[in-house]
Amino acid sequence: MNLILKNARIVSMSKGTEGYLPSQPMTVVISSGKIESISSHADVSIPDLNAQYPVIDCQNRVLTPGLIDCHTHLVFAGNRSNEFEMRLNGVPYQTIAKQGGGILSTVKATRNASESELIELALPRLEGLTRSGVTSVEVKSGYGLTLDDELKMLRAAKALEDHKRIKVSTTLLAAHALPPEYAGKPDKYIDYVCQEIIPAAAQENLADSVDVFCESIGFNLEQTEKVFCATKANGLAIKGHTEQLSNLGGSALAASYNALSVDHIEYLDSDGVNALANSNTVATLLPGAFYFLRETQLPPIQLLREKDIPMAIATDFNPGTSPFADLTLMMNMGCTLFGLTPEEVLRGVTCHAAKAIGHPQTRGRLEVGMEADISIWDIEHPADLSYQVGVPRLFKRIVNGVICHD
């Protein structure tokens, strides 16, 4: 966890344009997993530290904060390529869901899988993310929809850290869909989530936050607020799947509870934007789902800009609507589909994504005192990360000062 990086061009992602522009070659000293110093010339004491501090000559490569994927559904079983074909043949996602497909088809497969099987299935997906420079990832449950199966998913998500050098934040998404055994009884299911699943996840320290799919095919505002109240009572952070398919006001509700983030938000209106502006809630954009579902309703990017609301970017990796395990691809989509700038999307996967998972003071920027989560790139300028897709560019990935050999 001690390391020296020399001849490194730093993209710190600190506030202001200068945080996006690569610095002149610098020397970074990492001690006990944190950034101890960043200097413009080799410190005279560095040679004395070489025995304890391995040195990497970055040879003028670009260093960014390790990328953060702040919204994924990595843990699941089953395959939904058949639904991909159905949508291409004109069947709407809502229709597929009502026919027992969509989320519920993954629920059936996930319930039948063991915890070890879920880990084994998730690891190749995680491999794709780490190859794109990801050092922190949020993983949601939501394909179990029973107490035992939701906790099984969360344990599997946490166990990914035992198999790969990665930081995992876990989110309980039991309020993802109505399970078949509660058909026609959504209020009873929400009571079950609030009274049993959330307290158990909190007591066993399996979840950092709780999410709700607030949507016409998910849960209404009243049900969503019940989940938020239970989440707050159990000391967990709040997130929201909101305004993806319609405008129910879920984002404003989440903001009123000081949610970490509201995600999707294609149908967010000006009232919702104003609610976010009066809170600390991050707007998380998921261009992969927008692309895969061939949506046409764009998120209110310009309004979010005008209100200076932080915008995160994430893969939303999941089996039905965004099967993409490459965060730099999402950066490209953020630019090409949503009209974001390369600087905006890089902030969206670093400092803003750190805020969306509740770690704004320790991750997402290259500054003294921050956790030493770093991606080293074979690029000339950070815009290259959102420009090219598929060309290997990652030189090294560093997590808590430890070099990862992916």
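Residues numbered from 1 in each chain as written. Predicted model: local features only at pLDDT ≥ 70, side-chain atom pairs only at ≥ 80, totals over all residues. Heavy atoms only, no water.

As annotated in an unreviewed UniProt entry, the protein carries the name Imidazolonepropionase and comes from Vibrio gallaecicus. The Sequence similarities (unreviewed entry) comment attached to the protein in UniProt states, word for word, "Belongs to the metallo-dependent hydrolases superfamily. HutI family." (UniProt positions renumbered as here; feature names shortened; annotations may be inferred.)

**Student:** Describe the layout of surface pockets, and please don't skip the residues or the numbers.
**Tutor:** The space that makes up the largest pocket amounts to roughly 660 Å³. Looking at the largest pocket, it is lined by 23 residues, and the ones nearest its centre are Lys-15, Pro-310, Arg-347, Cys-351 and His-352. Going through the elements one at a time, helix H12 (301-306), strand S12 (311-313), helix H14 (342-348) and helix H15 (351-356) are the ones with two or more residues in the lining of the largest pocket. Of the residues assigned to the lining of the largest pocket, the class counts are 10 nonpolar, 4 polar and 9 charged. What lines the second largest pocket is a set of 17 residues, among which Arg-131, Ser-132, Pro-392, Arg-393 and Leu-394 lie closest to the centre. When contributions to the lining of the second largest pocket are tallied by element, the ones reaching two or more residues are helix H5 (115-131) and strand S14 (394-399). Counting residues per element, the lining of the second largest pocket draws most heavily on S14, which supplies 4 residues. Residues of the lining of the second largest pocket, tallied by class, amount to 6 nonpolar, 5 polar and 6 charged. (1 Å grid on protein atoms, 1.4 Å probe; cavity = no way out; pocket = protein on both sides within 12 Å on 5 of 7 lines; lining within 4 Å. Points joined across faces, edges and corners; volume = space filled by probe spheres on them. Helix = DSSP H or I, 4+ residues; strand = E, 2+ residues; numbered from the N terminus. Nonpolar A, V, L, I, M, F, W, Y, C, P; charged D, E, K, R; others polar.)

**Student:** Lay out the packing of aromatic side chains with the relevant residues and their values.
**Tutor:** For the structure on display, the rule yields 11 aromatic pairs. Geometrically, the ring pair formed by Phe-76 and Phe-317 is stacked, given 6.3 Å between the ring centres and 25° between the ring planes. Here Phe-76 is found in the loop between strand S5 (67-69) and helix H2 (81-88), whereas its partner Phe-317 is found in the loop between S12 and helix H13 (327-336), with 241 residues between them in sequence. Each member of the pair Phe-76 and Phe-317 is classed as buried. Each ring, one from Phe-84 and one from Phe-292, has its centre 4.9 Å from the other, and the planes form 15°; the classification is stacked. You can see Phe-84 sitting in helix H2 and its partner Phe-292 sitting in helix H11 (residues 287-292), a full 208 residues away along the chain. (Phe/Tyr/Trp six-rings, centres within 6.5 Å; stacked < 30°, edge-to-face > 60°. Buried < 20%, exposed > 50% of the residue type's maximum accessible area, 1.4 Å probe, protein only.)

**Student:** Kindly report on the pattern of salt bridges, identifying the contributing residues and their values.
**Tutor:** Under the counting rule described, the total for this entry stands at 16 salt bridges. Salt-bridge contacts for Lys-164 lead to Glu-127; the nearest nitrogen and oxygen are separated by 2.8 Å. With Lys-164 in the loop between helix H6 (147-159) and strand S7 (167-175) and Glu-127 in helix H5, this pair connects stretches of sequence that are 37 residues apart. In this structure, Lys-164 and Glu-127 share a single accessibility class: buried. With its nearest N and O atoms 2.6 Å apart, the salt bridge here joins Lys-140 to Glu-138. Accessibility expressed as a relative area gives 1% for Lys-140, which makes it buried. When its relative accessible area of 1% is taken as the criterion, Glu-138 is described as buried. A network of salt bridges, in which partner residues are shared, links Lys-167, Arg-363, Glu-371 and Asp-373. (Salt bridge = Lys/Arg side-chain N within 4 Å of Asp/Glu carboxyl O.)

**Student:** An account of the UniProt feature "domain: Amidohydrolase-related" (unreviewed entry) in the protein is needed here, citing residue identities and associated values.
**Tutor:** Within the UniProt annotation, "domain: Amidohydrolase-related" (unreviewed entry) is assigned to residues 62-385. Between the end C-alpha atoms of residues 62-385 the distance is 11 Å, and the span holds 42% helix and 15% strand.

**Student:** Quick rundown of helix H10 (residues 270-277)? Include the residues and the values.
**Tutor:** Regarding H10, the residues found buried are Gly-272, Val-273 and Leu-276. Considered in projection along H10, the buried side chains sweep an arc of 100° and stay on one side of the axis. Its buried side turned inward, H10 meets helix H9 (250-256), strand S10 (261-264), strand S11 (282-285) and H12. One side-chain oxygen of the residue at the start of H10 lies 3.3 Å from the amide nitrogen of Asp-271, identifying that residue as Asp-269. (Arc of directions from axis to C-beta. Contact = heavy atoms within 4.5 Å. Polar contact = N/O pair within 3.5 Å; in protein donor to acceptor, adjacent residues only side chain to side chain.)

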